[in-house]
Amino acid sequence: MEFKAKLMDDKAMDRSLTRLAHEIIEKNKGVDRLVLLGIKSRGLPIAKRLSEKIQKIEGSVLPVGELDITLYRDDLSKRTDVPDVKELSIGFEINDKIVILVDDVIFTGRTVRAAMDAVMDYGRPGSIQLAVLVDRGHRELPIRADYVGKNIPTSRKEIVKVKIEEMDGVSEISIYQGD
């Protein structure tokens, strides 16, 4: 894997998250009924950051949960790693709520489809929206993000790596040339 370019540093990521927070508030005319679900693993710290930014703007704390979609993946038989089976536990009610799924990168759309299946098994939200830091294209399913930090056209051979301070010690988004 060959490094090609750094697409965003920590300041650019922070600005994108601030913009996303404002867009979420504006589109939903406030924060009533909103909950954030970070898709494991990098979606959770991103969701927490969004919640903090929304709290600074609106003065309301949004519930943040983590969604482990491992067992909902339709490509599980193609994966070489053995899934870590977890019980679905969000920790708050989602019925009639506006659920905003949060992830780092949207690519084929399969992760988001699996996340929607998991949410529907947990309850009946009023609606589901999607916020991502990066949309790199190449959708295989008719799924699009409602809120996008940055659109990055890529080839299928390129790899977008998102690093988050809470997990990686640094916040940045880079692109690599795959094999």
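Before reading on, note that the structure itself is shown above.
Quantities reported herein were computed from a predicted structural model and do not represent experimental measurements. (Residues numbered from 1 in each chain as written. Predicted model: local features only at pLDDT ≥ 70, side-chain atom pairs only at ≥ 80, totals over all residues. Heavy atoms only, no water.)

Trainee: Quick question: what am I supposed to make of the packing of helix H1 (residues 10-27) against helix H2 (residues 43-58) here?
Mentor: What describes two packed helices is the angle between their axes and the distance between those same axes. H2 packs onto H1 with a crossing angle of 60° between their chain directions and a minimal axis gap of 9 Å. Compared by their axis directions, H1 and H2 come out oblique. Read as a crossing pair, H1 and H2 show a hand that is right-handed. Contacts between H1 and H2 involve Met13, Asp14, Leu17, Thr18, Leu20, Ala21, His22, Ile24 and Ile25 on the former and, on the latter, Ile46, Arg49, Leu50, Lys53, Ile54, Ile57 and Glu58. (Axes fitted to C-alpha atoms, helices over the stretch in contact; angles between N-to-C directions. Helix = DSSP H or I, 4+ residues; strand = E, 2+ residues; numbered from the N terminus. Parallel < 35°, antiparallel > 145°, perpendicular 65-115°, else oblique. Left-handed = near helix turned anticlockwise from the far one by under 90°. Contact = heavy atoms within 4.5 Å.)

Trainee: Looking at this model, I keep getting lost on the nonpolar core. Mind explaining?
Mentor: Generally speaking, soluble globular proteins have nonpolar side chains that are buried together. Within the largest apolar cluster, 30 residues are counted, with the highest numbers of intra-cluster contacts made by Leu50, Ile100, Val102, Leu133 and Ile173. If you tally residues by element for this core, the top one is H1, at seven residues. When neighbours within four sequence positions are excluded, Ile100 is seen to be in contact with Ile24, Asn28, Leu34, Val35, Leu36, Leu37, Gln129 and Ala131. (Core = buried A, V, L, I, M, F, W, Y, C linked by side-chain atoms within 4.5 Å. Buried < 20%, exposed > 50% of the residue type's maximum accessible area, 1.4 Å probe, protein only.)

Trainee: Please explain H2 as it appears in this structure.
Mentor: Think of an α-helix as 3.6 residues a turn; residues three or four steps apart then line up on the same face. Between the first and last C-alpha of H2 there are 22 Å, a value that for 16 residues agrees with the 22 Å anticipated at 1.5 Å per step. For H2, every residue scored as buried is listed here: Gly43, Leu44, Pro45, Ile46, Ala47, Arg49, Leu50, Ser51, Lys53 and Ile54. In this structure, the buried residues of H2 make contact with H1, strand S2 (34-39), strand S3 (64-67), strand S4 (98-106), strand S5 (127-135) and helix H4 (165-168). (Expected span 1.5 Å × (residues − 1).)

Trainee: What should I look at first to understand the pairing of strand S7 (residues 158-163) in this one?
Mentor: The two faces of a sheet get side chains in turn, since along a regular strand they alternate between them. Of the two faces of S7, only one is covered, namely that formed by Glu158, Val160 and Val162; the face formed by Ile159, Lys161 and Lys163 stays uncovered. Direction of pairing for S7 relative to strand S8 (residues 172-177): antiparallel, over a ladder of six bridges. Its bridge partner being in S8, Val160 is matched across the sheet by Ile175. (Pairing = 2+ DSSP bridges.)

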